[in-house]
Amino acid sequence: MASTNCWRCLARPTQRLLGPASIIPSVTPASITASITAAFSTSALLAAAPAKSSETGMSRHIRIGKKLVLGKKKKPTEKKKSPAAGERKAFRKRITLSNDNAIEVRGLPEFTAERVVDLESAGLVTKIPVELVDQLRACEAFKASQNWKLFRSPHMLIREETVELAKQMTEAVDKKETLRMVITGDRGSGKSILGLQALATGFMNKWIVINIPEGLELTTAITDYSQVPNSDLFAHPTYTIKLMQAIYATNLPILSQHRVQKDHLHLPIAVSRGMPLSSMLNQSKEPEFAWPILQAFWQELLLPGRPPVLFSLDGLAHVMRVSEYRSPSFELIHSHDLGLVRLFTDALGGKTAFPNGGVVLGVTSKGNAPLLPSMDLALVQAAAEQAKREAPEAAADIEVPERDPFYRRYDDRVFDALKGVRVFHVQGLSRPEARALMEYWAASGIVRLRIDEKTVTEKWTIAGAGIIGEMERSALYDIRL
Amino acid sequence: MSRINPWGAVRSLALRTPPWSSPRSGRIAAQGACISPISPRRGLADDTTFTRPPYPGHHYDGMSPPSPPPDTELELPAIDRESMVETWAPNFLNAEALAALEEAGTAQVTYDDTEGLKFERPERPGQHAQLQDRYHPVVDQVTKMLMQDGKLSKAQRHMSFILNYLRTTSPKPNPLRPLVPGSPPVEQLPMNPLAYLTAAIDSVAPLIRIRGLKGAAGGGQALELPEPLPVRARRRIAIQWIIDVVERKRSSGSGRTQFATRFGQEILAVVEGRSVVWERRALAHKQGTAARANLNHPAVAPRKKL
């Protein structure tokens, strides 16, 4: 064991000088202190080092003023400009309808009102006319998740389902009836595109088209709302203004031909008889006035002698449940107590009479859709009743499903809203349609494959018998280039 | 001039080929005659001895059983037939089997492969047509490097969005930063996003890296030596540089295409010559050029032969 004594001069180190005074009381004899301190400990020397360094004439290897820093140094962070308000959402929602690098496909026919009701044109890829593109864009029928941005100009495939739907719509309107329809189908089967084609049919036939692009925006408490005075309803002031502007932009040529026929004395704006119907929509940009004006406009639309109305809503499931808004008593508001939704559900449930003929279209969505046993059952029941109506001789064999007696959370308002609707079930493409679509993709230079029986069958099969969204995934989003 | 010249002796050798048959069919005919069909092919090839065909004038082509000589009595009067049967038995069955073997060797189908099959026989995947080779090497490498937490599917989704972003951009060529030789013209790149991505990555990929030889420079310092990189490693470094830039970039959007857009913008910047990755490449090459002198250092230089 090494001695604590100095080996040169035999002097003993003074513990009081080296260690902190609080640890070693001054009264302790030196012999006891020496026995407490470990003989090989260097901590005392280390602790003493700073005191030595202040002295002059020290050896060179001890650097003065340098301390050990443990842990990483924090770099001064560069202040980056954060995105402006709404910039990120604008990026997410941006709709691009053309790609200058894609090859232009010439010689394809245009989408017209006659073509869409002709069964001969099923399996035809058609060009959307420029005016129609503007109208569809204004009513937000295009969605960011669809693949319009890959192609030179917007084209769409007329499927058998499109022709069938357009026929049903035009026949009902010609007879001045109301077609109340819900489009259902698998995920990615083209329900929203079919809704878009219905809107296009409406525009082409010069109907008045009102489109609510996302039911979700009305019920998930992302839009401002307010209580309507003297009523149990709630309105979406800002959203309603936007909707009115969209209706104005898309239907101006038709609306300007019709005149206001009623007195709207209760309105906060001056609306006189004989002024164009369109000016009702753009007279005020005040959100507070929006809901009463829209109601008055709706009443005007339903007068006899007006053009037919197409009212469409995408994302039906979101408006068929209790919303996330709260009433002043902090209770959740049912979606059907929201003014705009009530307008739609009354029309869909058959409570609104369309004397000039009308189409009410609810499009379901399978992406981010809530599970709603009430809506599912109501749609299955409606489909069964429709089958009974279409085949009266076999009606006895068709069974309308009953409610589950052990489930108590059925929503009667949903059943009322979906009573007697027609259910239009969308399935996969047929192979000739798939081939036409893939030939269009190849002609645009997006798909670099020879389009023959084998490729078409391969993609069609991979896509679960022609589910169009899956075909796009396997062809347009392929990294096997 | 060396003292021993073998060519003089070799020149006097004469190599004589049999005049009556082409080398290949002659070999088959000869072997067909004397070797049993079950003998392995390797043995056939090793047989360098040459033997006569069954009878002169007849040349067996190896494809069909030899027709018997039309008039053996008249045409072959001079040949001792007894000995010919023993040593040169014209066993066309053997020849047929050997011909089949030969055909199999040249990958010609000799059997009816559709027998018992309802549809035509599918082709066997080739050597690089396996499951693991289904993506292009560059796409595969970038995808794997984009992957976080083992979520390959998500990385593939990013990759497809990146390629579709590249489709929609039109880069302007920059004469100061030419792309790697052999890449298509810049105007044509958007139509082929894979070529676009490959050209961008290969253009900024460094050709060398600096390897430190520990302690060889003296004083505990590493001796820096430039080292050539194989293609895959080159691309890996370039992709890593690009990913570094992308991660530092400010996100201007949100949603599922947000990352892909940032990555695609950087690829576009590389092709247009605006990217800082070009500087990193230039720096790496500069360091490599400077370290080139170290290759003559005694620690690494090849020793001179005495």
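Quick summary incoming for the structure in this document. Remember, predicted model here, so these are calculated numbers, not experimental data.

**Section: the overall build of chain A**
- Per the secondary structure count, chain A includes 18 helices and eleven strands.
- Looking at chain A residue by residue over its 481 residues, the buried ones come to 45%.
- A fraction of 73% describes how many contacts in chain A between residues 6 or more apart in sequence connect residues 24 or more apart.
- When the accessible surface of chain A is summed, it comes to about 26,500 Å², and 54% of that surface belongs to carbon and sulfur atoms.

**Brief notes about the interface of chain A and chain B**
- Of the residues lining the interface, 26 residues belong to chain A; the matching set on chain B comes to 31 residues.
- Around 2,400 Å² of area is buried between chain A and chain B when both sides are counted, 56% of it from carbon and sulfur atoms.
- Seen at the junction of chain A and chain B, the total is zero salt bridges.
- Scanning the region where chain A abuts chain B turns up eleven residue pairs in polar contact (both at pLDDT 80 or more).
- Take the side of chain A that touches chain B: its biggest share by element is five residues, from helix α4 (residues 87–93) of chain A.
- The residue inventory of the side of chain A that touches chain B, partitioned by class, reads ten nonpolar, six polar and ten charged.

**Here we look at helix α7 (residues 137–146) of chain B**
Residue and element names in this part refer to chain B.
- Judged by how many residues are buried, α7 sits mostly within the fold: eight of ten residues are covered.
- For α7, the set of buried residues is V138, V139, D140, Q141, V142, T143, M145 and L146.
- Contacts from the buried residues of α7 go to α8 (152–167), α9 (193–204), α10 (231–248) and α11 (258–272).

**Concerning the side chain of B:Q258**
- Mapping B:Q258 onto the fold places it in helix α11.
- Those residues in contact with B:Q258 that lie beyond four places of it in its chain are A:F91, B:S251 and B:G253.

**Notes on the pairing of strand β4 (residues 208–212) of chain A**
Residues and elements named next belong to chain A.
- The buried fraction of β4 amounts to five of the five residues, a majority that puts the element mostly inside the structure.
- Of the two faces of β4, the one holding I208, I210 and I212 and the one holding V209 and N211 are both buried throughout.
- Inspection of the sheet shows β4 paired to strand β7 (residues 309–314) by five bridges, in the parallel sense. Looking at β7, one finds that I212 is bridged to L313.

**Considerations on the nonpolar core**
- Counting residues in each nonpolar core, the largest one holds 67 residues, and the members touching the most others are A:W441, B:V142, B:L146, B:L197, B:I242 and B:F263.
- Take this core: its biggest share by element is eight residues, from α9(B).
- Those residues in contact with B:I242 that sit more than four places away from it in its chain are B:I201, B:V204, B:F263, B:E266, B:I267, B:V270 and B:V277.
- By size, the runner-up hydrophobic cluster in this structure holds 64 residues, among which are A:F297, A:L301, A:V319 and A:A347.

**Focus: the environment of A:Q283**
Residue and element names in this part refer to chain A.
- Tracing the chain through its elements places Q283 in the loop between α11 (277–282) and α12 (287–301).
- Sequence separation between Q283 and I293 is ten residues; the distance between their C-alpha atoms is 9.5 Å.
- Setting aside chain neighbours within four positions, we find Q283 in contact with I269, A270, V271 and M275.
- From its side chain, Q283 meets the backbone oxygen of A270 in a polar contact 3.4 Å long.

**Topic: the packing of helix α16 (residues 431–443) of chain A against helix α18 (residues 468–475) of chain A**
Residues and elements named next belong to chain A.
- Contact geometry for α16 and α18: axes closest at 12 Å, N-to-C directions at 35°. The hand of the α16/α18 crossing is right-handed. For the pair α16 and α18, the contacting residues are A434, L437, M438 and W441 in the first and I468, M471, E472 and A475 in the second.
- Per-class residue counts for the contact of α16 with α18 are seven nonpolar, no polar and one charged.

What counts and how
- Residues numbered from 1 in each chain as written.
- Chains lettered and ligands numbered in written order.
- Predicted model: local features only at pLDDT ≥ 70, side-chain atom pairs only at ≥ 80, totals over all residues.
- Heavy atoms only, no water.
- Helix = DSSP H or I, 4+ residues; strand = E, 2+ residues; numbered from the N terminus.
- Buried < 20%, exposed > 50% of the residue type's maximum accessible area, 1.4 Å probe, protein only.
- Contact = heavy atoms within 4.5 Å.
- Areas by Shrake-Rupley, 256 points an atom, 1.4 Å probe, with all protein chains shown as cover.
- Buried area = accessible area lost by both parts, 1.4 Å probe.
- Salt bridge = Lys/Arg side-chain N within 4 Å of Asp/Glu carboxyl O.
- Polar contact = N/O pair within 3.5 Å; in protein donor to acceptor, adjacent residues only side chain to side chain.
- Nonpolar A, V, L, I, M, F, W, Y, C, P; charged D, E, K, R; others polar.
- Pairing = 2+ DSSP bridges.
- Core = buried A, V, L, I, M, F, W, Y, C linked by side-chain atoms within 4.5 Å.
- Axes fitted to C-alpha atoms, helices over the stretch in contact; angles between N-to-C directions.
- Left-handed = near helix turned anticlockwise from the far one by under 90°.

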